[in-house]
Amino acid sequence: MANIQAEIQTLTEELKEANHQYYVLDNSVLSDYDFDMKLKQLQKLEEAHPEFASDNSPTKRVGGAVTKKFNTVKHDIPMLSLANTYSKDELEEWEARNQKLTEQKITYVCELKYDGVAIGIKYKNGELVQAVTRGDGAQGEEVTCNVKTIRSIPLSLRGDFPEDLEIRGEIFYPLQNFQKLNEQREELGEPTFANPRNTASGTLKMQDSAVVATRGLDCMLYSVHSNSKDYPGHYESVEAAASWGIKTPIARPRYIETCDTIEQIMGFVEYWDKQRSKLPFEIDGVVVKVNNYRIQEELGFTAKSPRWAISFKFKAEAALTRLNEITYQVGRTGAITPVANLEPVLLAGTTVKRASLHNADQIEKLDIRVGDYVYVEKGGEIIPKITGVELSKRDLLVMPVDYIANCPECDTELIRKEGEAQHYCPNDLGCPPQITGRMQHFISRKAMDIDGLGSETIELLFQEKLVGSPADLYELTFEQLIQLERFAEKSVNNLIAGVAESKAIPFERVLYGIGIRYVGETVAKKLAKHYRTIDGIVNATLEELVNVDEIGEKIAESLVQFFADERNVEEVRRLKAHGLQFELSEAQLANTTTKLKGLTFVLSGVFEHHSRNELKAMIENNGGKNSGSISKKTSYLIRGENMGPSKLAKAEKLEVKMISETEFVELLNG
Ligand code: IVH
């Protein structure tokens, strides 16, 4: 028995090493034949002695497990996205902002921006235990079985790894494998796949892991998350990950570089902009990160992305075509968007007929005229944009655009507020697309998600004068609806039931749904958690709002303005009367206390026992408030290591009480 166990172990080690050499280090130490023979031998032994077969044996690479439905798993740390830049100027602005936020000298790390799908992989005691997709950033799907078939992802780590570890990276389709896949499909008469990224994403979510195993996906690490602080920065953590057997950009020619100047960063960007077609996989830009973890913490995050990283996107493919007409769209906030109607043109695989022109300034800046030949580009966004005019093809007779002065829908004179690029139609109560737009937003999936009710029905109900605001939906009757064309009894009942069910939708989604400008999903969540009830928000002053963590002036002003309008307050009152959720539910409050009620905290520096986000959550969950800046209202400054000198000076000047992380925990428990 001991012999067999030893043999299994030897084979396992040999196969793992060969795998690592081949898939991680691009180095072949065993012929394909020898590899297969050893693998078969191991399979045989494991079948005969399942008690010795480990979960992470190389034999598991071939897959086999079938998942009907993937579990949803919450990320320990949210998987955020990155802010984009497209020019050296923007990069310089970013760098200048960073340098304003910290007094320390910043070293940057440049990496490739792999064009695939993000994955978070957890290792416990060096063994791969879970792999989760990005999902919506807060939670994703557990695709462990499929990820285990990807040969470049180690099932067990080597070297001196931390006990608890999450690595994050990008799973992508190597171009050669993608091409092979399409050739095979063509032979079989099956439709071919359009692009490697979507195919990688689709493959990762296939039910049969044995099929995934044949696809040849690959993965490159881009971040390391663990509580052990053995390395001072990102670059060092990537080096450490490489030593644990993970595939990283380290030791690959110019895949990763540290840079001290913008010139060096631009050198990296320009090199890869030219060389990217030679890579064995697709990239869509370069990612620039602040290396040092302490400085990363100091710079922190916006609601969506870290301030300490940015992606420099390469210019997308462009096409030249004729601008036939400019039309104007009115959004739910009354914002006017000019739309270019183009002579249809093929661009990056799809036919483009329309493009956004953004606003009047944009038209003026690019001097776009109807009849011009314009350059159209498809960036990351779904709607293509116009980036320039081919002046050599301009007809002498074309005239500059006479931007509309009145609303194309209701003829009200447009306004343009100081400092804003967009024209607005101020007739919010009378302008049809604004009324329906608000209601369509209210019923949308991320807001009230009302079953049986879609955008077209909203338009119909509005035309029939049955509804003019979200609250009207809750007063619709069977008799009214059954009279409408195309409405049978079943759809009427569905609609009424869907509307009734929406009354259980949690507060933060109602808050998002009522459509306050700049209050997106994330901000709505933040506000709901902080104030707990709508009354708290309605009664908050501008100053209080600005002091809420992650709420800026623009959002605060918009909120105050919204609730200063009696009509909005009345609409909220009606919705409340219909039973919609305007406070956090018992369940949402269950894990919270009011121990820190009335206290405002500012965090500064780096902490030893909890991450910044953990501390912030502890404060909020106990009724305290987080604020980003020190003022007279700050109750406590929780002082970490390496706190910035300017903050310290301010705290001392205002005589704000300073406590350590430990003292804070005592305050909470005491
Ligand atoms: S770092 C907080 N590094 O780009 C986000 N991301 O827009 C930190 N990506 O979801 C991400 N290559 O899937 C990072 N070298 C790289 C990357 C990279 C590709 C993807 C990633 C992320 C998206 C962000």
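Below: a short report on this structure. Predicted model, so just to flag it, every value in this text is computed and none were measured.

What counts, and where the lines are drawn
Residues numbered from 1 in each chain as written. Predicted model: local features only at pLDDT ≥ 70, side-chain atom pairs only at ≥ 80, totals over all residues. Heavy atoms only, no water. Salt bridge = Lys/Arg side-chain N within 4 Å of Asp/Glu carboxyl O. Helix = DSSP H or I, 4+ residues; strand = E, 2+ residues; numbered from the N terminus. Buried < 20%, exposed > 50% of the residue type's maximum accessible area, 1.4 Å probe, protein only. Expected span 1.5 Å × (residues − 1). Arc of directions from axis to C-beta. Pairing = 2+ DSSP bridges. Contact = heavy atoms within 4.5 Å. Axes fitted to C-alpha atoms, helices over the stretch in contact; angles between N-to-C directions. Left-handed = near helix turned anticlockwise from the far one by under 90°.

Let us now look at the pattern of salt bridges. What the rule picks out here adds up to 30 salt bridges. In this structure, Lys-124 engages Asp-164 in a salt bridge whose closest nitrogen and oxygen atoms are separated by 3.4 Å. Of the two residues, Lys-124 sits in strand E4 (residues 117-124) while Asp-164 sits in strand E7 (residues 164-172), which places them 40 residues apart along the sequence. Among the residues examined, Lys-124 registers a relative accessible area of 45% and is labelled partly exposed. Take Asp-164: its relative accessible area is 43%, and that puts it in the partly exposed class. Each of Asp-367, Arg-369, Asp-372 and Arg-394 takes part in salt bridges that share partners, so that together they form one network.

Before going further, it helps to examine helix H16 (residues 489-501). For H16, with 13 residues, the first-to-last C-alpha span of 18 Å sits near the 18 Å given by 1.5 Å per residue. When H16 is considered as a whole, its buried residues turn out to be Val-492, Leu-495, Gly-498 and Val-499. What you see down the axis of H16 is that its buried residues fit within an arc of 130°, all on one side. H16 presents Glu-489, Lys-490 and Glu-501 as exposed residues on the side facing more than 90 degrees away from its buried surface.

Next up on the list: the sheet that holds strand E10 (residues 283-290). With respect to topology, five strands assemble into an open sheet ordered E2-E11-E10-E3-E9, the strand pairing being mixed. With one partner strand each, in any of the chains shown, strand E2 (84-85) and strand E9 (256-259) form the two edges of the open sheet. Judged from the two bridges that link them, E2 and strand E11 (residues 309-313) form a sheet pairing that is parallel. Residue pairing across strands places Thr-85 opposite Phe-312, the latter belonging to E11. With respect to the sheet, helix H3 (residues 88-101) is in contact with E2, strand E3 (108-114), E10 and E11, its orientation differing from that of E11 by roughly 175°. Across the sheet, helix H9 (residues 262-275) touches E3, E9, E10 and E11, and the angle it forms with E3 is around 20°.

Time to look at the packing of helix H1 (residues 2-24) against helix H2 (residues 32-48). Two measures define how a pair of helices packs: the angle their axes make with one another and the distance between the axes. Orientation of H1 relative to H2, taken along the N-to-C sense of each, is 145°, at an axis distance of 10 Å. Crossing hand, H1 versus H2: left-handed. Residue-level inspection shows Ile-4, Glu-7, Ile-8, Leu-11, Thr-12, Glu-14, Leu-15, Ala-18 and Asn-19 of H1 in contact with H2, the latter providing Phe-35, Lys-38, Leu-39, Gln-41, Leu-42, Leu-45 and Glu-46.

The four strands are arranged E5-E4-E7-E8 in an open sheet whose pairing can be described as antiparallel. Edge positions in the sheet fall to strand E5 (127-133) and strand E8 (218-225), since each has one partner strand and no second. On average, adjacent strands in this sheet sit at an angle of 30° to one another, irrespective of strand direction. Here E4 pairs with E7 via eight bridges, running antiparallel. The partner of Lys-122 across the bridge, within E7, is Glu-166.

By themselves these figures say nothing about function.
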